[in-house]
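Architecture at a glance
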Amino acid sequence: MKPAPFRYHRARDLAGATRLLAELGEDAKVIAGGQSLVAMMNFRLARPQHLIDIAGLRELDHLGTDADGALRVGALTTHHTVETAPPGTLGAEFEVIRAAMGWIGHLPIRTRGTAGGSVAHADATAEWCLLAVALDAAFLVHGPRGRRRIAAGDFFLGPYTTALDPDELLTEIVFPRPAPYAALTEFAARRGDFAIVSAAVDLDVQGASVRGGRVALGGVAPVPVRVPEAEEVLAGGGSFTACAAAAAAAVEPPDDANGSASYRKQLIATLVRRACEEAVSR
Amino acid sequence: MTDTDTDAGTDSDTGADSLPVDSSPVIGRELQLITLEVNGEEYEVITEPRRTLVDILRHELRLTGTHVGCEHGVCGACTVLLDGRPVRACLMFAAQAEGAAIRTVESLSDGADGSELSDLQRAFRSHHGLQCGFCTPGFLMLAEGFLAERPQATKAEIREVVAANLCRCTGYQSIVEAIDSCAAARREGEEK
């Protein structure tokens, strides 16, 4: 189908973008790569009266670690930029993020889609959202009241719903600490489809043993979730299989056309174990 | 990116300075002037901002080699190159493509009437990489963009990449063979 009419605005700088957002309010949508939004507009699931194109804000297109060892991903950085980043940009510390890009759609989607767009869109199975929750990321947002930082754990409120105010713009994703023993894996009917279940783990490894870690799941709740029950197993020295079983037992996944709840639980048990094994094999 | 001209009567060039906001909830047929660089030529089009790049290519520029299938980013029939990278032309508005170099399937062949096929097109022909042909322009541009970035692509990587587009005739095997043989021939050419 064809999208409903709208007015197109091109922001020249961050201040202009946030001023436009404040002025136009809830009738406006920000467009970056548009890989989710344009499809929704073509279906007329979204009918914004105004589109604010922020693609020209090149200061939001950056990728690298800062002096504190945190990885900073500009909102306009494409999945493809991360996937093809020169060795050393992310390093072994953030290899999990580079490797996760291959799960996002297909090449022509990854060349346009952006990290910030994915987070702001907040699909329950999106890889960036799951990575952010698993790795305790924070989001920097700009608005008319200034700048604020929102923890990933407080950001996702429901399907396609975030803590962003209508006049706020997401500018950066900050992954605060290295995650050398982390991995993301998922299962979809076909490669490139939306995941039915996705799992990400970030293990604390000392010497040759796992001392604890974080376990997060996508596709099992309206937002990506951490699973404390599975993390307790890791902290207690339990096996990966026991950790995965605890994760499957702890959540109540949806029962829908993409898979029954019991099927999803089986996927969780497999995927969490697989992610743990991949994380320690890096 | 360049800023758009507002001669066509729109507020497309809204930045930090002016905020011509219409308080009316009804959006009329707003028109804007956009400039696109396609296959090395510059085109000016006056259009509604809601029109996607693929619709402008086909209906305004009459470059009908690019096909349009699903219009929501699944089938890949509309794949074109934007600054050398494969993108879905149905998943972007034409206005977003201003300032970028766009290449469509028409740019591949050569000769006065476009009858001199490129090496990639010849490889598709000799490997029977097409049957009905509907998906072919999308596959060609996907492969063209991918091989430019990954000339050393393995067959496994090619298989993974062509999963981006849908073909209901060939079963993909012949498409993979075509792209792989073209890549191998280009590598051989480089060595000589």
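Residues numbered from 1 in each chain as written. Chains lettered and ligands numbered in written order. Predicted model: local features only at pLDDT ≥ 70, side-chain atom pairs only at ≥ 80, totals over all residues.

Describing the overall build of chain B
Broken down by element type, chain B carries 5 helices and 5 strands. In chain B, the order of α-helices and β-strands from amino to carboxyl end is β-β-α-β-β-β-α-α-α-α. Within the span of chain B, comprising 192 residues, buried residues form 44% of the whole. (Helix = DSSP H or I, 4+ residues; strand = E, 2+ residues; numbered from the N terminus. Buried ≥ 20, exposed ≤ 12 C-beta atoms within 10 Å, placed from the backbone.)

Quick word on the interface of chain A and chain B
With 37 residues of chain A at the contact, the number on the chain B side is 38 residues. Sorting the residues of the side of chain A that touches chain B by element identifies strand S1 (7-10), helix H1 (14-24), helix H2 (37-42) and helix H5 (107-110) of chain A as the ones contributing at least two each. Ranked by residues supplied to the side of chain A that touches chain B, first place goes to H1(A) with 6 residues. Residues that form the side of chain A that touches chain B fall into these classes: 17 nonpolar, 10 polar and 10 charged. (Contact = placed C-beta atoms within 7 Å. Nonpolar A, V, L, I, M, F, W, Y, C, P; charged D, E, K, R; others polar.)

Thoughts on the domain arrangement of chain A
Residues and elements named next belong to chain A. When the domains of chain A are assigned, the result is domain 1 (7-53), domain 2 (58-175) and domain 3 (196-280). One C-alpha centre belongs to domain 1, the other to domain 2, and the line joining them spans 19 Å. In this complex, domain 1 contributes 13 residues to the contact, which on the side of domain 2 involves 16 residues. Here the side of domain 1 that touches domain 2 takes 5 residues from H1, the largest share from any one element. (Domains from an automatic or database assignment.)

So, the domain arrangement of chain B
All names here are of chain B. One can read the domain layout of chain B as domain 1 (32-107) and domain 2 (119-191). Placing a centre on the C-alpha atoms of domain 1 and another on those of domain 2 gives a separation of 22 Å. Every contact between the two is made by 14 residues of domain 1 and, on the other side, 14 residues of domain 2. Every element with two or more residues in the side of domain 1 that touches domain 2 is listed here: strand S3 (79-82) and strand S4 (85-88). The element that contributes the greatest number of residues to the side of domain 1 that touches domain 2 is S3, accounting for 3 residues.

Regarding the packing of helix H4 (residues 155-162) of chain B against helix H5 (residues 173-191) of chain B
A pair of packed helices can be characterised by two numbers: the angle between their axes and the separation between those axes. All names here are of chain B. Packing of H4 against H5 leaves a shortest axis separation of 10 Å and a crossing angle of 125°. The angle between the axes of H4 and H5 places the two elements in the oblique class. Judged by the sense of rotation from one axis to the other, the crossing of H4 with H5 is right-handed. Of the residues in H5, those touching H4 at Lys155, Ile158, Arg159 and Val162 are Ile175, Val176, Ile179 and Asp180. Looking at the contact of H4 with H5, its residues break down into 5 nonpolar, no polar and 3 charged. (Axes fitted to C-alpha atoms, helices over the stretch in contact; angles between N-to-C directions. Parallel < 35°, antiparallel > 145°, perpendicular 65-115°, else oblique. Left-handed = near helix turned anticlockwise from the far one by under 90°.)

Here's the deal with the sheet that holds strand S13 (residues 209-218) of chain A
All names here are of chain A. Read from one edge to the other, the open sheet built from 4 strands follows the order S11-S12-S13-S14, with strand pairing classed as antiparallel. The open sheet is flanked by strand S11 (182-187) and strand S14 (225-226), the only strands paired with a single partner. With 2 bridges connecting them, S13 and S14 associate as antiparallel partners. Directly across from Ala216, in S14, lies its bridge partner Arg226. Its contacts with the sheet place helix H7 (residues 127-134) against S11, strand S12 (197-206), S13 and S14, and it is angled at close to 30° to S12. Packing against the sheet, helix H11 (residues 261-280) makes contact with S11, S12 and S13, and its axis sits at approximately 35° to S12. (Pairing = 2+ DSSP bridges.)

Considering the nonpolar core
With 149 residues, the main nonpolar core has Val201(A), Cys243(A), Ala247(A), Ile268(A) and Val272(A) as its most contacted residues. No other element matches the 8 residues that H11(A) contributes to this core. (Core = buried A, V, L, I, M, F, W, Y, C linked by C-beta atoms within 7 Å.)

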